[in-house]
Amino acid sequence: MRYVMVQIPKPPSAASPTPRSIPTSADVARLAGVSRATVSYVLNNTSAVRISEPTRRRVHQAAKELGYVPHAAARSLRAGHSRMVLMSAPAIPVGLLYAQFLNDLQWALSRLDYTVVQYGTAGLRGDEAARAWAELRPVAVLVPGAELGPEGVAVLKRAGARAVVTFGPERVEGAHALLMDHDAVGHCAGAHLHARGRRRIGVVVPEGSGLETYSRPRLEGVRQALRGTDATVTELPLAPTEESAAELAARWRTLEIDAVFAYNDEYAMLFMRALQDEGVRIPEDIAVVGADDLMLGRLLRPRLSTIHIDLPSGRDLAELVDRVVRDPGCEPETHKVLGASVVQRDSS
């Protein structure tokens, strides 16, 4: 068999597009008619130098027109530290109240010229997670206390973190702490239900959701409120599904309970719907109390009684972070937060 070699001509290559040059602060200064120093002052929100509002607008307009953004690494070199605040991405399903708190905090930090990064560390916990966070060289780290130990705090500080702030039931050595007393939430609910004449109280404990750090103290708070009384407490494991709620509601007669503290408003709404599907009257047969005081609870029928929780404002926490970044040698502060109070409505 004969073989014939055929040469296929190579098509001419398309002309490579001319790469666009990256705009610099000098370009912005030229277009705005100001100095490079003025551009730096305006775009870095430097408060020590007074810049007129018209000049600020010209600089921002020029930067927008050219597509210029400040170089974060260069700014960090000038300042001696980054402006990155790392927040540990929640590894558990957070409720609407906590999600709103995180949004407010991120907004407040951005107003103080910090870049907020939520970082997830899949499969890493505690000090191992701290090492992963340290690689990004954040100037501050905000993390639930249960996810960090003293060694992790030391790792972060050696990597340049000026502020390490934990929030949880206990403080961590070397870190600033926001202590959240979840026992008080349960205590309020238990005392309220007892005062309403309820004596066989069930407490929903979220199942398979990783919420033990919060749910166990709330359960213990109910027990503390009822200790020494004639009331009983029954633990009610509940997964966040309609099927799980229906199974639990179907057992309500055998459970012999006349009230439920449902951990939070979302679990309360889930369980209330299942109870009503079983023909259970609320509050005549079972009183129900949630927590978080979500607006949706006011739209239910009957309206949901709840525990109102006072979280720290995002602005207050952002100011704490900024204060510590400016004075990293200050003594760790401890602030008790998470005030709790009963909001009685129709369900109890």
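Procedures and definitions
Within each chain, residues carry numbers counting from 1 in the order of the written sequence. Only residues with pLDDT of 70 or above have their local features reported here, since the model is predicted, and side-chain atom pairs are shown and tallied only from 80 upward, although totals for entire chains, interfaces and linings are computed over all residues. Just so you know, side-chain values use all the structure's heavy atoms and leave hydrogens and water out. In DSSP terms, a helix is any run of H or I states spanning at least four residues, a strand is any run of E spanning at least two, and both are numbered starting from the N terminus. Between buried and exposed lies partly exposed: a residue is buried under 20% and exposed over 50% of the maximum accessible area for its type, with that area taken using a 1.4 Å probe on protein chains only. Any pair of residues with heavy atoms lying within 4.5 Å of one another is described as a contacting pair. Here, Shrake-Rupley sampling with a 1.4 Å probe gives the accessible areas, and only protein chains in the shown set may cover a residue. A pair of aromatic rings is counted whenever rings of Phe, Tyr or Trp (Trp by its six-membered ring) have centres within 6.5 Å, and the orientation is called stacked for planes under 30 degrees apart, edge-to-face for over 60 and tilted otherwise. Only strands that DSSP links by at least two bridges are regarded as paired with each other. Interaxial angle, 0 to 180 degrees, is taken between N-to-C directions of lines fitted to C-alpha atoms, where a helix line uses only the stretch in contact. For this analysis, a nonpolar core means a set of buried residues of the types Ala, Val, Leu, Ile, Met, Phe, Trp, Tyr and Cys, connected via side-chain atoms within 4.5 Å. We define a salt bridge as a contact between a side-chain nitrogen of Lys or Arg and a carboxyl oxygen of Asp or Glu at a distance within 4 Å. Patch membership is restricted to residues that have no salt bridge and whose relative accessible area is over 30%. Joining uses 9 Å for like charges and 5 Å for the nonpolar side chains Val, Leu, Ile, Met, Phe, Trp and Tyr. We call two directions roughly parallel when the angle between them is under 35 degrees, roughly antiparallel when it is over 145, roughly perpendicular when it lies between 65 and 115, and oblique otherwise. By convention, the crossing between two helices is left-handed when the near helix turns anticlockwise from the far helix through less than a right angle, and right-handed when the turn is clockwise.

(A) Summary view of the overall build of the chain. Scanning the chain for helices and strands turns up 14 helices and 12 strands. When the 348 residues of the chain are sorted by exposure, 45% land in the buried category. Long-range contacts, defined as pairs at least 24 residues apart, comprise 69% of the intrachain contacts of the chain with a sequence gap of at least 6. A total of about 19,000 Å² of accessible surface is found on the chain, and carbon and sulfur atoms cover 51% of it.

(B) Just the packing of aromatic side chains, in detail. Within this structure, the stated rule accounts for 1 aromatic pair. Consider the rings of Y263 and Y267, whose centres lie 5.9 Å apart with planes at 85°: the pair is edge-to-face. For Y263, a relative accessible area of 6% corresponds to the buried category. With relative accessibility at 8%, the residue Y267 sits in the buried group.

(C) Examining the sheet that holds strand 7 (residues 232-238) more closely. Read across the sheet, 4 strands follow the order 7-6-8-9 without closing on themselves; strand pairing throughout is parallel. Looking at the sheet topology across the chains shown, the edges are occupied by strand 7 and strand 9 (287-289). Across the sheet, the mean angle separating the axes of adjacent strands is 25° when strand polarity is ignored. Sheet topology note: the strand 8 (residues 259-261)/strand 9 ladder contains 3 bridges and is parallel. For A259, the partnering residue across the bridge sits in strand 9 and is A287. Its contacts with the sheet place helix 9 (residues 212-226) against strand 6 (200-206), strand 7 and strand 8, and it is angled at close to 165° to strand 7.

(D) Region of interest: the sheet that holds strand 11 (residues 334-337). Strands sit in the order 2-1-3-4-5-11 across an open sheet of 6 strands; the sheet is parallel. The open sheet is flanked by strand 2 (115-119) and strand 11, the only strands paired with a single partner. Strand-to-strand twist in this sheet, taken as the mean axis angle between neighbours without regard to direction, amounts to 15°. In the sheet, strand 3 (residues 140-144) pairs with strand 4 (residues 163-168) via 5 bridges, with the strands oriented parallel. Residue pairing across strands places A140 opposite A163, the latter belonging to strand 4. Relative to strand 4, helix 14 (residues 314-326) is tilted by about 150°, and along the sheet it contacts strand 1 (84-88), strand 3, strand 4, strand 5 (176-180) and strand 11.

(E) Just the environment of V203, in detail. Following the sequence through the fold, V203 ends up in strand 6. V203 sits in the buried class, given a relative accessible area of 2%. Through-space distance from the C-alpha of V203 to that of F261 is 4.9 Å; in sequence the pair is 58 residues apart. If near-sequence neighbours (up to four positions away) are discounted, V203 is found in contact with L219, V222, V233, T234, E235, L236 and F261.

(F) A look at the nonpolar core. One finds L109, L142, F261, I307 and V321 to be the most contacted residues of the largest nonpolar core, which totals 43 residues. Discounting chain neighbours no more than four positions away, the residues touching L109 are V85, Y114, V116, L142, A318 and V321. Residues Y214, L270, L275 and V288 belong to the second largest nonpolar core, which totals 26 residues.

(G) Focus on the pattern of salt bridges. Under the defined criterion, the tally for this structure stands at 13 salt bridges. The partner of R199 in a salt bridge is D230, and the shortest N-O contact between them spans 3.1 Å. Taken together, the positions of R199 in the loop between helix 8 (182-195) and strand 6 and D230 in the loop between helix 9 and strand 7 put the pair 31 residues apart, joining distant regions of the chain. Measuring nitrogen to oxygen at the nearest pair gives 2.9 Å for the salt bridge that ties D285 to R281. Here R281 falls in the partly exposed class, since its relative accessible area comes to 48%. One network of salt bridges, in which partners are shared, links R216, R223 and E235.

(H) Spatial organisation of a nonpolar patch on the surface. Side chains of L96, M295, L296 and L299 sit close together on the surface and give an oily, nonpolar patch of about 420 Å² of accessible area. The element contributing the most residues to the nonpolar patch is helix 13 (residues 295-299), with 3 residues. Structurally, M295 is set in helix 13.

(I) Highlighting the side chain of S88. Note on placement: S88 falls in strand 1. Looking at S88, the relative accessible area reads 9%, which means it is buried. In contact with S88, other than residues within four places in its own chain, are Y119, W133, L142, V143, P144 and E147.

(J) Examining the packing of helix 10 (residues 242-250) against helix 12 (residues 265-277) more closely. Here helix 10 crosses helix 12 at 50°, and the two axes come no closer than 8 Å. Taken together, helix 10 and helix 12 sit at an angle that is classed as oblique. Between helix 10 and helix 12 lies a crossing whose hand is right-handed. Residues E242, A245, A246, L248 and A249 of helix 10 touch helix 12, and the partners they reach there are L270, F271, A274 and L275.

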